[in-house]
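Chain residues, written in single-letter form:
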Amino acid sequence: MKPDRAFVVGVFMLLAAYPLVAGGYGIDLVAKIMVYAIFALSLELLVGGTGLVCFGQAAFFGIGAYAAVRLSPDDGPAALAWLLPASMATGALYALAVGALSLRTRGVYFIMVTLAFAQMAYYVVHDTPLGGGTDGIYLNAKPVLGTWLDLDRPLPMYAFILVCLMAVFAFLAVLRRSRFGRALAGIKSNEQRMRASGFSTYPYKLAAFTVSGGIAALAGFLFAVKDGFVNPELLSWHFSGAVLIMIILGGLGHLRGALVGAFAFTLLQEFFKSEAIFGAFAKHWMLGLGLSIIFSVALLPRGLVGVPAQWRERLEGRGAGARGAGAAR
Amino acid sequence: MTQAQVLLRGHGISRRWGGLVAVDDVSIALERGSVHAVIGTNGAGKSTLVNVLAGELAPSAGRVELLGQDATTWSQPRRARAGLGRSYQHTHIFTNFSVLENCRLAAQARAQRAWDWWSDAGRCAASTAAARQAAERAGLGELLQRSAGLLSHGQRRQLEIAMCLAISPQVLLLDEPLAGMGAEETERMLALLAELKPGHAILLVEHDMDAVFRIADRITVMVNGAVIASDTPEAVRANPAVQAAYLGTEA
C-alpha cells in the first residue's frame, strides 16, 4: 500500500476506534472536526482540484444546514433518507446558480463575486424570517432512518458523520482519477491549453462548483443535525475564510490535506482557547491562532502533508552537500 | 491546387482594440500538404491573426472558414474538436503531468462522453493509444513517464506539438515553435514539421528566417497589421517592399 493511502486508512481506523477511549467532550469535538473535514474537502475540490478560489463556501454549508432545519416538519422527525439528499440538493442548486454567474469571471474577481453572493445569502438568513434572524433556529427533532439509527445519541451521530466523511473522501479520490477529474486538473494547470485542446471548460467548472456546493451542504446538514441549531454565522465570511485556511494549512492539492487541515485548525483553535493553559489570555485566542497559521504557512509552503517530503529534500540536500564537500576535498 | 484542399481560410480579417488596428483586412488560405509562414516584426499582428483563426479572439471584421464551414462564431474548443490544433508563443503544457498524461488529456478532448465522465482516465485505451502515438511522432517516445516540468525547453516545444497531434488535427497553427531553441533542437523541430506537412495544413509564425525559407511553401509578410506580400519564398525574397520593410535591403 502506498504511504499516502496507508496514512488515510490509518486515520480512518483511528477515528473509528476513537470513541472507545474518548469521553463525551472528545467525541463531540472530533465529530465537529469531521464535519469541518467534509466541508474542507468540498473546497479542496474547487481550490486544489480545479484552481477556483471560492471565498463564499460557507454559504453552501449554511444553506445545507438551514435546509435541514427548514425542511424538517415542526411536529416530528423527518426521514433522513429524503432530508439528507434534499439538503444537499438545495446547496447544490444554490451553487449551480452562483457558479453560473461567478464562473464568468476569473482570478480576484471570481473571489470577490463568490464572497458577494455568500454575503447576500448571509443577509437573507440574518435579516428575514426565513432564517430566524441573529438568534437562528432550533431543529425540533433530529431526522431518523428507520428505527436503528438514533442521531439523538452521540455515538450513532459520530458513526454517521464518520461514514459520510469516508464516503466523501472515497468519492473525491475516485473523481480525481476519473476523466472528469483529470479535466479539472488540466483546467487548474493550464485552462488556455485545455480550451485549445477542445475542452469547453465552463461546463466542467460549473459541474465542479455544483458538486462542491452539494458536499458543503452535506457538511452543513450534519452540523445542523449534530448541534440541533443553526444561525447566520454558519454563512459568514469568517467561516469561508476559516475553511480556506484549513486546506492551505493542510496542503493544497491533496485530499488528505483537507483532512489534516481541518484537524490542525480546530485543534489549534481549541488549544489557544483553553483557559486551563492560557488563563485570562485565552480570550485573545485569535492572536495565537493567527500567528501560528502565519508561521505554518511561511515555514511549510506545501502544508502539513508536505512536511515529510520537505524534510526528505532537506536531508538529501545536506547529504548531497556533504558528498560534494567531500569530493572537493 | 484545387479549392477543396484549402482547410482553413480567413477572409478580410480585421481585429481592432479601440483605435489600434492589430490586424487589418488580412486574407489567408492554408492548404493541406503545405507550410504557410507568416513573418513580420514584433507587433506586426501575427499572433493576433493566429488567435483570431484559432477562435481565441473574435474578429472585428471578416470571416473564418474551417474545413469548408463558416467557423467565424465557433468557440476555440469547437474549432479544436473540428480539427484545429495550435501551439503558443510561450509554451502551454501541464507541467505537473507526465508527458503521456499531457498527451492523454489532449486526446481525451476528442472523445468527451458525458455518460463516461466517471471512468478512470488512465484506463482509457483509445486516449492512451492516441497519446502514445502523438508523443512518439513528436520524438518523445522515450520520455513518456517523465514529468513535463523536467523537460528541456526544446522538449517542451515538442510536447506542445505532440499535444496538438493528440487531437488528430488537420490544421496546425504554430506560433514561433523554434523560439529559444538551439541549432540541434531547431533541426529536430524542422524535421518534425517536414514529416507533418503531407497530412496537415500548417501555419507557421516564426522569426528564424533561415528556417522559414527552408520549410515554407508560401510566405505572408505583415507590417503594422496589414499584409504587404504573400507569395512563394523566392518571390517574397525578391520583393522590394519586403526587403525594405522587413528583411533589409541587402537581402
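The rules behind these values
In this convention, every chain numbers its residues from 1, walking through the sequence in written order. Lettering of chains starts at A and numbering of ligands starts at 1, both following the order in which they are written. For this predicted model, a pLDDT threshold of at least 70 governs which residues receive local features, and a threshold of 80 or more governs which side-chain atom pairs are given and counted, while totals over whole chains, interfaces and linings are taken from all residues. The secondary structure listing takes helices from DSSP runs of H or I that are at least 4 residues long and strands from runs of E that are at least 2 residues long, numbered from the N terminus. Field definition: a residue is buried when 20 or more other C-beta atoms are found within 10 Å of its C-beta, exposed when 12 or fewer are, and partly exposed for counts in between, with C-beta atoms placed from the backbone. Residues are treated as contacting if the C-beta atoms built from their backbones sit within 7 Å of each other. Only the C-alpha atoms count toward the radius of gyration. The rule for a globule is 2.2 Å times the residue count to the power 0.38. We treat two strands as partners when DSSP finds at least two bridges between them. Throughout, the ten residues Ala, Val, Leu, Ile, Met, Phe, Trp, Tyr, Cys and Pro are labelled nonpolar, Asp, Glu, Lys and Arg are labelled charged, and all others, Gly among them, are labelled polar. In this document the domain limits rely on a domain assignment from an automatic tool or a database. Lines fitted to C-alpha atoms define the axes, with helix axes restricted to the stretch in contact, and inter-axis angles between N-to-C directions lie between 0 and 180 degrees. An angle counts as roughly parallel when it lies under 35 degrees, as roughly antiparallel when it exceeds 145, as roughly perpendicular when it falls between 65 and 115, and as oblique in every other case. Put simply, a crossing is left-handed when the front helix is turned counterclockwise from the back one by less than a right angle, and right-handed when it is turned clockwise.

1. A closer look at the overall build of chain A
Part 1 of the reasoning: If you tally the helices and strands in chain A, you get 13 helices and 4 strands.
Part 2 of the reasoning: The principal-axis extent of the C-alpha atoms belonging to chain A is close to 85 × 55 × 40 Å.
Part 3 of the reasoning: Here chain A holds 329 residues, and 45% of them are scored as buried.
Part 4 of the reasoning: Sequence-distant contacts, at least 24 apart, represent 76% of the contacts inside chain A between residues at least 6 apart.

2. Examining the overall build of chain B
Part 1 of the reasoning: For chain B, the count of helices and strands is 9 helices and 10 strands.
Part 2 of the reasoning: The globule rule puts the C-alpha radius of gyration for 251 residues at 18 Å, and the 18 Å found for chain B is close to it.
Part 3 of the reasoning: Seen through its principal axes, chain B has C-alpha atoms that stretch 55 × 40 × 35 Å.
Part 4 of the reasoning: Buried residues in chain B amount to 48% of all 251 residues.
Part 5 of the reasoning: By sequence separation, contacts in chain B at least 24 residues apart represent 67% of the contacts at least 6 residues apart.

3. Considerations on the sheet that holds strand β4 (residues 61-66) of chain B
Residue and element names in this part refer to chain B.
Part 1 of the reasoning: Pairing is antiparallel in the open sheet, where 4 strands are placed in the order β2-β1-β4-β5. Among the strands making up the open sheet, the edge pair consists of β2 (20-31) and β5 (69-70).
Part 2 of the reasoning: As judged from the 8 bridges shared by strand β1 (residues 6-17) and β2, these two strands associate in the antiparallel manner. Of the residues in β2, the one forming a bridge with Arg15 is Val23.

4. Concerning the interface of chain A and chain B
Size of an interface: often given as the accessible area lost when the parts come together.
Part 1 of the reasoning: The interface is formed by 16 residues belonging to chain A together with 27 residues belonging to chain B.
Part 2 of the reasoning: When residues of the side of chain A that touches chain B are assigned to their parent elements, the largest contribution, 11 residues, is made by helix α7 (residues 179-197) of chain A.
Part 3 of the reasoning: Looking at side-chain class alone, the side of chain A that touches chain B contains 3 nonpolar, 8 polar and 5 charged residues.

5. Remarks on unusual backbone geometry
Residues and elements named next belong to chain B.
Part 1 of the reasoning: Although it is not a glycine, Leu67 adopts a positive phi angle of roughly 50°.
Part 2 of the reasoning: Using a count of 16 C-beta atoms within 10 Å as the deciding quantity, one classes Leu67 as partly exposed.
Part 3 of the reasoning: The residue Ser168 is not glycine, and still its phi comes out positive at about 50°.
Part 4 of the reasoning: Tracing the backbone through its elements, the reader meets Ser168 in the loop between α5 (153-166) and β7 (171-175).
Part 5 of the reasoning: Residue Ser168 is classed as partly exposed on the basis of its C-beta count, with 15 C-beta atoms lying within 10 Å.

6. Describing the domain arrangement of chain B
Residue and element names in this part refer to chain B.
Part 1 of the reasoning: Taken domain by domain, chain B comprises domain 1 (1-83 + 170-185 + 198-251) and domain 2 (91-168).
Part 2 of the reasoning: Relative placement of domain 1 and domain 2: their C-alpha centres are 26 Å apart.
Part 3 of the reasoning: Each partner contributes to the interface: domain 1 provides 9 residues, whereas domain 2 provides 9 residues.
Part 4 of the reasoning: Counted by class, the side of domain 1 that touches domain 2 contains 4 nonpolar, 3 polar and 2 charged residues.

7. With respect to the sheet that holds strand β9 (residues 218-223) of chain B
All names here are of chain B.
Part 1 of the reasoning: Strand order in the open sheet formed by 6 strands is β6-β7-β8-β3-β9-β10, and the pairing between neighbours is mixed. Edge positions in the sheet fall to β6 (84-87) and β10 (226-231), since each has one partner strand and no second. With strand direction ignored, the average angle separating the axes of adjacent strands in the sheet is 15°.
Part 2 of the reasoning: Where β7 meets strand β8 (residues 201-205), 5 bridges bridge the pair, whose relative direction is parallel. Bridge pairing links Leu173 to Leu203 in β8.
Part 3 of the reasoning: Along the sheet face, α5 touches β6 and β7 and points at about 170° away from the line of β6.

8. So, the packing of α7(A) against helix α3 (residues 99-110) of chain B
Part 1 of the reasoning: Relative orientation of the contacting elements α7(A) and α3(B) amounts to 90°, with a least axis distance of 10 Å. Here α3(B) runs roughly perpendicular to α7(A), going by the angle between their axes. Across the interface between the two elements, A:Arg179, A:Arg182, A:Gly186 and A:Ser197 from α7(A) touch B:Leu105, B:Ala106, B:Gln108 and B:Ala109 from α3(B).
Part 2 of the reasoning: Among the residues making up the contact of α7(A) with α3(B), the classes are represented as 3 nonpolar, 3 polar and 2 charged.

9. Some remarks on the packing of helix α2 (residues 24-50) of chain A against helix α6 (residues 154-177) of chain A
Residues and elements named next belong to chain A.
Part 1 of the reasoning: α6 packs onto α2 with a crossing angle of 20° between their chain directions and a minimal axis gap of 10 Å. In terms of their interaxial angle, α2 and α6 are classed as roughly parallel. Helix-helix and strand crossings are classified by hand; for α2 and α6 the assignment is left-handed. Facing Gly24, Ile27, Asp28, Ala31, Met34, Val35, Ala37, Ile38, Leu41, Leu45 and Gly49 of α2, the residues of α6 in contact are Pro154, Met157, Tyr158, Ile161, Leu162, Cys164, Leu165, Val168, Phe169, Leu172 and Arg176.

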